[in-house]
Amino acid sequence: MITISNHKKNHPAEILRTLQLAIPVVVGMVASFSMNFVDTLMAGRLPDKEIALAGIATGGAIWSAVVMFVLGVLMALQPVVAQLDGAGNRAEGGAAARQGMWIALAVSIPFVLILLSGGRLLQWMSVGEDIVPAAIKYMDAISWGAPAMCLLLMLRFFSEGSGFTRPTMYMGLLGILLNVPLNYILMFGKLGFPQLGAQGCGYATSIVIWAQLLMMFFFVRWHVHFKEFVVFRRWDWPNWVAISNLLRIGLPIGTTIFVEGSLFIGAALLIARLGALSASAHLIAINFSALMFMVPLGLASAVTTRVGNALGRGEPEAARYAGLIGLLIVLFTQTLSAATMFLVPEFIVRIYTTDPAITTIAVSLLFYSAIFQYADGLQICAAGALRGLKDTVAPMFINIVAYLMIGLSVGYYLTFNRAMGPAGMWIGMIFGLSVGAVLLLSRFLFKSRQLIRLNAPS
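A few points on the structure. (Residues numbered from 1 in each chain as written. Predicted model: local features only at pLDDT ≥ 70, side-chain atom pairs only at ≥ 80, totals over all residues. Heavy atoms only, no water.)

**A look at the overall build of the protein chain**
Scanning the protein chain for helices and strands turns up 17 helices and zero strands. Computed over C-alpha atoms, the radius of gyration of the protein chain comes to 21 Å, within 12% of the 23 Å expected from 2.2 N^0.38 for 458 residues, which places it in the range of a compact globule. Seen through its principal axes, the protein chain has C-alpha atoms that stretch 70 × 45 × 35 Å. Buried positions account for 59% of the 458 residues belonging to the protein chain. Within the protein chain, counting contacts between residues at least 6 apart in sequence, those at least 24 apart form 85% of the total. If you sum the accessible surface of the protein chain, you get close to 18,200 Å²; carbon and sulfur atoms cover 68% of it. Computing the positive centroid from 29 side-chain charges and the negative centroid from 19, the protein chain places the two 8 Å apart. (Helix = DSSP H or I, 4+ residues; strand = E, 2+ residues; numbered from the N terminus. Rg over C-alpha atoms; globule rule 2.2 N^0.38 Å. Buried < 20%, exposed > 50% of the residue type's maximum accessible area, 1.4 Å probe, protein only. Contact = heavy atoms within 4.5 Å. Areas by Shrake-Rupley, 256 points an atom, 1.4 Å probe, with all protein chains shown as cover. Lys, Arg positive; Asp, Glu negative; His and termini not counted. Charge placed at Lys NZ, Arg CZ, Asp CG, Glu CD.)

Printed below as a string of C-alpha cells:
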C-alpha cells in the first residue's frame, strides 16, 4: 500500500487530469441542459407564453424531482466502477453495470406513474388553476422518455466511473442538435403537425432522450475503452447481493440529491402559487442559474472518479488531494459565474424575454443567484468527493437539515409570512446552500483525514 510519505503532490498534473475528465462532462451537461434553455426560450415566443412557461416550469419541476432521485440511485455505479477500475478489476465493473441495468428498469416504472398522476400533486399544492392544464399535458408527453432516461443515466455513470467521459459530451451535443428542430415542429405546429405548445416540448424531449440512449449504448457496446469491462458480452439475471450493495450506496445518494433538488423544486412550486408572472420570472432566473451550475456539477463528477480511483489503488492521501484540487478549481469557476450575474443581469434576461414585467422580477432574482454561487459550487464538489469515498449516509442527513429544515423553511416564511414574494424563496436558498456547503466540506476534510490515519504505517 502506498503510504502518506510516498504520495507526491503535483498541482498542475492533478488539475489537468481533473479537467480532462471534467470538461467533456461539463460540455455534455451544458449541452443537455441547453435543451431546457431552448425549451424556455422557445416557449417565451408562444402566443400564450406566460401559461406555457409556467406549465413547463411546474411540470418540469415534477419531472426534475423524480430525475434527481433516480440519478442519485444510479450514481452509485460511478464510485463503485471507479474503485474497481483503480484496483484493476474491470470485468467486475462491467458486472456491476449489468446489475445497475436491472435497477434502472425497476425505477422507471414508478417514474412513469408519478408523471402520469402529477396533475393531482399540483392541485394538492394549490398551483394556479390556469397553469395546471399545460403542466399536465407537458408531463404526459415527457413521460414517454422516462424509461430511456433511467437507462441513459445508468450507462452514463458507468462510463464516467471508468474514466471515459467523452460519451457524455457527445450525448449532450446530439440532444441539443435534435431538440431545436423537434421543438420548432411540435411546439409551433410545422410540417403538418398541430401546434402543441408546452405538450410539444415534452414530446420533443422524449424523442431526444431515446436517441441519446441509443448513442450511449453503441459507445459502451463497441468502443475499445470498454473492451475489458465486457458489459454486453454476457447476460446476467438479477444478483440480489450485488443489487443490494449498489442500493446501499445509491439510495442515500438518491435521497441526498432529491432533498437538494427539493429546495429548488419546492421553490418553483411555491412561487407558482403567486401566479404566472412570478413563476415565469423565477423560471428564467433559475434556468440560467442551473445552466451555470452545470460547470461545478461536471467538476464534481470528475472529482468522484478521481477520488474513487485513488482509493481503489490504496492511496487515501491521493484521494484527499484530488478532492481538494477539485474544490480549488470550483472556487475559480464560481467567481466567473457570480461576476456574470452581477454585471450583466439585464442582458441575460433579454435572451429569454422582452416582457418588461417579467424582466424586472427576473433581474432582481439573478442578484440573489450571484450571491449563492460559491456555496452552490462548494457543496456539490464536496458531495462529489464524499461519493468517491463511498460516504453517502452522512451527506443525506446534512442535506435534509440544510435544504429542507433550513432553506425551504426560511424561504417559505419570508415569501408568505413576510410577504417578500419570489425574493423570499431565493434568500431561503442562500441560507440552505451555505449551511450545506460548510457541513459537506467539513465532512470531507474529516473523513479523508480519518482514512489517511487508518492507512498510515504503524
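More follows now that the structure is in view.
**Quick notes on empty space enclosed by the protein**
To find the voids left in a structure, one rolls a probe of water-molecule size over its atoms. Overall, the coordinates contain three cavities of 30 Å³ or more when judged by the stated rule. For the second largest cavity, the lining is made up of 15 residues, of which I253, T256, A383, R387 and P395 are closest to its centre. Looking at the lining of the second largest cavity, the elements with two or more residues in it are α10 (240-272), α15 (373-388) and α16 (393-417). In terms of residue class, the lining of the second largest cavity is built from eight nonpolar, four polar and three charged. (1 Å grid on protein atoms, 1.4 Å probe; cavity = no way out; pocket = protein on both sides within 12 Å on 5 of 7 lines; lining within 4 Å. Points joined across faces, edges and corners; volume = space filled by probe spheres on them. Nonpolar A, V, L, I, M, F, W, Y, C, P; charged D, E, K, R; others polar.)

**Points about the nonpolar core**
Within the largest apolar cluster, 141 residues are counted, with the highest numbers of intra-cluster contacts made by W63, F111, F158 and W426. The dominant element in this core, judged by the number of residues it contributes, is helix α11 (residues 276-312), at 15 residues. Aside from chain neighbours lying at most four places away, what touches W426 is I271, H282, A285, I286, S289, L365, Y368, S369 and F372. Core analysis: the next-biggest nonpolar cluster, separate from the first, contains six residues, M35, L182, I185 and V208 among them. (Core = buried A, V, L, I, M, F, W, Y, C linked by side-chain atoms within 4.5 Å.)

**Details of the environment of P181**
By the secondary structure assignment, P181 is in helix α8 (residues 166-188). By relative accessible area, which is 38% here, P181 ends up partly exposed. Put simply, P181 and A204 are 23 residues apart on the chain and 8.9 Å apart in space, counted from C-alpha to C-alpha.

**Here's the deal with unusual backbone geometry**
Despite not being glycine, V230 has its phi angle at roughly 40°, a positive value. Take V230: its relative accessible area is 27%, and that puts it in the partly exposed class. A positive phi angle is found at K390, which is not glycine, with a value near 60°. If you trace the backbone, K390 turns up in the loop between α15 and α16.

**Points about the pattern of salt bridges**
Pairs can form between side chains of opposite charge whenever their charged atoms are close. Considering all chains together, one arrives at seven salt bridges under this definition. Notably, a salt bridge pairs E14 with R306, separated by 3.0 Å at the nearest N-O pair. Highlighted residues: E14 in helix α1 (residues 11-43) and R306 in helix α11, separated in sequence by 292 residues. Across the pair, exposure class does not vary: E14 and R306 are buried alike. In this structure, R443 and D391 form a salt bridge, with 2.7 Å as the shortest nitrogen-oxygen distance. With R443 in helix α17 (residues 422-454) and D391 in the loop between α15 and α16, this residue pair connects regions lying 52 residues apart in the sequence. Through salt bridges with shared partners, a single network forms among D85, R90 and E228. (Salt bridge = Lys/Arg side-chain N within 4 Å of Asp/Glu carboxyl O.)

**Focus on α16**
The end-to-end C-alpha distance of α16, which contains 25 residues, comes to 34 Å, matching closely the 36 Å that a straight helix rising 1.5 Å per residue would cover. Of all the bends found along α16, the most pronounced is centred on G407 and spans about 25°. Along α16, the residues that are buried comprise P395, M396, I398, N399, A402, Y403, G407, L408, G411, L414 and T415. On the buried face of α16, the contacting elements are α10, α15 and α17. Just downstream of α16 lies A419, where phi reads positive at about 55°. (Expected span 1.5 Å × (residues − 1). Bend = angle between axes of the 7 residues up to and from the residue.)

**Re the packing of aromatic side chains**
A full pass over the atoms with the stated rule returns 18 aromatic pairs. Between F372 and W426, the ring centres sit 6.0 Å apart and the planes meet at 15°, which makes this aromatic pair stacked. Of the two residues, F372 sits in the loop between α14 (356-371) and α15 while W426 sits in helix α17, which places them 54 residues apart along the sequence. In this pair, the class of F372 matches that of W426, namely buried. Within the aromatic cluster, the residues linked to one another by ring pairs are F158, F164, F226 and F229. (Phe/Tyr/Trp six-rings, centres within 6.5 Å; stacked < 30°, edge-to-face > 60°.)

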